[in-house]
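Listed here are the chains, written in short residue letters.
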Amino acid sequence: MLEGENLTVRSKNLFSIIVHDVHFWIPLIVLLAGLLLLHELH
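Nothing here was measured: the structure is a model prediction, and the numbers come from that model.

### Considerations on the overall build of the protein chain
Now for step 1: Along the protein chain, the regular secondary structure elements total one helix and zero strands.
Now for step 2: When the 42 residues of the protein chain are sorted by exposure, 0% land in the buried category.
Now for step 3: On the protein chain, roughly 4,200 Å² of surface is accessible, and the fraction owed to carbon and sulfur atoms is 75%.

### Some remarks on a nonpolar patch on the surface
Now for step 1: A surface patch of nonpolar side chains, about 450 Å² in accessible area, is lined by Leu14, Ile18, Val22, Ile26 and Val30.
Now for step 2: The residue Ile26 is located in helix H1 (residues 2-41) in this model.

### Side note on the packing of aromatic side chains
Now for step 1: Per the stated rule, a full pass over the model turns up one aromatic pair.
Now for step 2: Taking 5.2 Å as the distance between ring centres and 75 degrees as the angle between the ring planes, the aromatic pair formed by Phe24 and Trp25 counts as edge-to-face.

Rules behind the numbers
Residues numbered from 1 in each chain as written. Predicted model: local features only at pLDDT ≥ 70, side-chain atom pairs only at ≥ 80, totals over all residues. Heavy atoms only, no water. Helix = DSSP H or I, 4+ residues; strand = E, 2+ residues; numbered from the N terminus. Buried < 20%, exposed > 50% of the residue type's maximum accessible area, 1.4 Å probe, protein only. Areas by Shrake-Rupley, 256 points an atom, 1.4 Å probe, with all protein chains shown as cover. Patch = residues over 30% accessible without salt bridge, like charges linked within 9 Å, V, L, I, M, F, W, Y side chains within 5 Å. Salt bridge = Lys/Arg side-chain N within 4 Å of Asp/Glu carboxyl O. Phe/Tyr/Trp six-rings, centres within 6.5 Å; stacked < 30°, edge-to-face > 60°.

Taken by themselves, the reported measurements are silent on function.
Structure, rendered in structure tokens:
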């Protein structure tokens, strides 16, 4: 039972790390894409 609980906690931590990472990377990618588009338009 303890092994399963540890695995669940570990997967929840991994999921939260991925979610926070996604919330960091997506706006950064959008910002860089916008800057690249602005540069291409000029």
